[in-house]
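Working through the structure, step by step
Chain by chain, the residues run as shown.
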Amino acid sequence: FPSHDTDVRWWGAVGDGVVDDTAALQAASDIELGVWVPNGTYKITTTWELRDYANIYFESHFAIIQGDLATSLIAAKNRLTTRSFFISLHGGRIDGVDKSGGSIAIDFSSVSYGHVWGTWVYNCQVGIANGADYGGPDGAVSSYYNSYVSFIVSSCSVGIRNGTLGNACTFTAG
């Protein structure tokens, strides 16, 4: 992996699908802009919130973020109050375990200039949320210029939800 990225295992992530890795994943992405997720199943119990300019690199599609949440699995940290910028996911697999819970795999509803490249999404109510249907407290929360390239959404009730505030975004399924 790139030498400037931090390995989530350095922050205590185990990746065995049993241990709760939420705190380790969150700590790694709160401190570092580039985060490396090696192969393994990383169990999360709350939303993994990514800050502006976060770049998450997964080793392969065997690097899995897995959570049975009724909320988003991965989302922008400030999604309810302000727009976030330049968040990207590269590869990996996001697994919601059970799509009946109302979960969103990747919530980029308030992200602009976000990128999802080669990521696989499974078992969520919504695979990818782009563009909010609300304006936030200041009316400024929206998405624009996001790109979603070579991604796969499977076993989700809704593959992509593009809200009314999603502008100039491109989708190229793989």
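Below is a summary of the structure that appears in this document. (Residues numbered from 1 in each chain as written. Predicted model: local features only at pLDDT ≥ 70, side-chain atom pairs only at ≥ 80, totals over all residues. Heavy atoms only, no water.)

**Re the pairing of strand S6 (residues 55-58)**
Along S6, the buried face is formed by Ile-56 and Phe-58; none of Asn-55 and Tyr-57, which line the opposite face, is buried. As paired strands, strand S3 (residues 34-37) and S6 are joined by 4 bridges and run parallel to one another. Directly across from Trp-36, in S6, lies its bridge partner Tyr-57. Relative to strand S10 (residues 88-90), S6 is paired through 3 bridges, and the arrangement is parallel. In the sheet register, Tyr-57 faces S10, and the bridge partner there is His-90. (Buried < 20%, exposed > 50% of the residue type's maximum accessible area, 1.4 Å probe, protein only. Helix = DSSP H or I, 4+ residues; strand = E, 2+ residues; numbered from the N terminus. Pairing = 2+ DSSP bridges.)

**Here we look at the pairing of strand S16 (residues 126-130)**
Counting buried positions along S16 yields 5 of 5 residues, so the element is predominantly enclosed. Pairing between strand S12 (residues 104-108) and S16: 4 bridges, direction parallel. Counted as the bridge partner of Asp-107 is Ala-129 from S16. Bridging between S16 and strand S19 (residues 158-162) involves 4 bridges; their strand directions are parallel. Counted as the bridge partner of Val-126 is Val-158 from S19.

**Side note on the nonpolar core**
The biggest cluster of nonpolar side chains holds 34 residues, and the ones touching the most others in it are Val-37, Leu-89, Ile-94 and Ile-106. Every residue in contact with Val-37, bar those within four places of it in the chain, is listed here: Val-8, Tyr-42, Trp-48, Ile-56, Tyr-57, Phe-58, Glu-59 and Ala-63. (Core = buried A, V, L, I, M, F, W, Y, C linked by side-chain atoms within 4.5 Å. Contact = heavy atoms within 4.5 Å.)

**Details of unusual backbone geometry**
With the exception of glycine, the majority of residues adopt a negative phi angle, and the majority of peptide bonds are in the trans configuration. Phi is positive for Tyr-53, close to 70°, though the residue is something other than glycine. The topology assignment puts Tyr-53 in the loop between strand S5 (48-50) and S6. For Asn-123, which is not glycine, the phi torsion reads 55° and is therefore positive. Mapped onto the elements of the fold, Asn-123 is located in the loop between strand S15 (120-122) and S16.

**Side note on a nonpolar patch on the surface**
On the surface, a cluster of nonpolar side chains totalling about 360 Å² of accessible area is made up of Trp-10, Trp-11 and Ile-31. The residue Trp-10 is located in the loop between strand S1 (6-7) and strand S2 (16-20) in this model. (Patch = residues over 30% accessible without salt bridge, like charges linked within 9 Å, V, L, I, M, F, W, Y side chains within 5 Å. Areas by Shrake-Rupley, 256 points an atom, 1.4 Å probe, with all protein chains shown as cover. Salt bridge = Lys/Arg side-chain N within 4 Å of Asp/Glu carboxyl O.)

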